[in-house]
Amino acid sequence: MPLTPLDIHNKEFTRGFRGYDEDEVNEFLDQVIKDYETVIREKNELFEKVDELEERLEHFSNIEETLNKSILVAQESAEEVRRNSKKEAQLIVKEAEKNADRIINDALSKSRKISLEIEELKKQASVYRMRFKMLIEAQLEMLHNDDWDELARSMEEELESSSPGEE
């Protein structure tokens, strides 16, 4: 059993003929030395263990710090990506709105052009119909004209006069 400081303090040596018993003092000192060496060895082992644990703690602290920085960087990157995505989405919407406006304006312009062409075709058809009607009426008038009768008679007469032998 290791000695305690109280054991060392309270140790009394028996007195011999010439003072303390030398063997007893030497035995005690050997025990003190042995225990003291054990304490020093344990102390050194504990210091080494403390150093090792401090190194590990520092290592883990560095890892923690690195992780915290990484998390911050990731959060900042995510925020930047979100902002960029939002801006890009807004640009896409604006571009789509511009395209929609352009398409609508083109469609309205084409619609107006087609409407004008339809009106022009209606006018041309009306004019054509009126001219065709006038042509037909003129032809009918010519058919109803007495000149046809006269022409038919004169042709008959000519035919009759040119046939020899029928007199």
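An account of the accompanying structure is given in this report.

Analysis parameters
Residues numbered from 1 in each chain as written. Predicted model: local features only at pLDDT ≥ 70, side-chain atom pairs only at ≥ 80, totals over all residues. Heavy atoms only, no water. Helix = DSSP H or I, 4+ residues; strand = E, 2+ residues; numbered from the N terminus. Rg over C-alpha atoms; globule rule 2.2 N^0.38 Å. Buried < 20%, exposed > 50% of the residue type's maximum accessible area, 1.4 Å probe, protein only. Areas by Shrake-Rupley, 256 points an atom, 1.4 Å probe, with all protein chains shown as cover. Lys, Arg positive; Asp, Glu negative; His and termini not counted. Charge placed at Lys NZ, Arg CZ, Asp CG, Glu CD. Phe/Tyr/Trp six-rings, centres within 6.5 Å; stacked < 30°, edge-to-face > 60°. Salt bridge = Lys/Arg side-chain N within 4 Å of Asp/Glu carboxyl O.

A look at the overall build of the protein chain
Piece 1. Broken down by element type, the protein chain carries three helices and two strands.
Piece 2. Computed over C-alpha atoms, the radius of gyration of the protein chain comes to 65 Å, more than 25% over the 15 Å expected from 2.2 N^0.38 for 167 residues, which places it beyond the range of a compact globule.
Piece 3. Based on the C-alpha atoms only, the size of the protein chain along its principal axes is roughly 210 × 35 × 15 Å.
Piece 4. Counting only residues that meet the buried cut, the protein chain has 2% of its 167 residues in that class.
Piece 5. In the form shown here, the protein chain has an accessible surface area of approximately 16,100 Å², with 56% of it arising from carbon and sulfur atoms.
Piece 6. Of the side-chain charges in the protein chain, 25 are positive and 43 negative, and the distance between the mean point of each set is 7 Å.

Looking at the packing of aromatic side chains
Piece 1. Under the definition given, this model contains one aromatic pair.
Piece 2. Consider the rings of Tyr 128 and Phe 132, whose centres lie 6.0 Å apart with planes at 10°: the pair is stacked. In this pair, Tyr 128 and Phe 132 are both assigned in helix H2 (residues 22-144), four residues apart and thus about one turn of the helix distant.
Piece 3. Take Phe 132: its relative accessible area is 41%, and that puts it in the partly exposed class.

Considerations on the pattern of salt bridges
Piece 1. Counted under the stated rule, the structure contains five salt bridges.
Piece 2. The partner of Asp 106 in a salt bridge is Arg 102, and the shortest N-O contact between them spans 3.6 Å. With a gap of four residues between them, Asp 106 and Arg 102 both fall in helix H2, about one helical turn apart.

Remarks on the environment of Lys 49
Piece 1. Residue position: Lys 49 is located in helix H2.
Piece 2. Separated by 82 residues in the primary sequence, Lys 49 and Arg 131 have C-alpha atoms spaced 119 Å apart.

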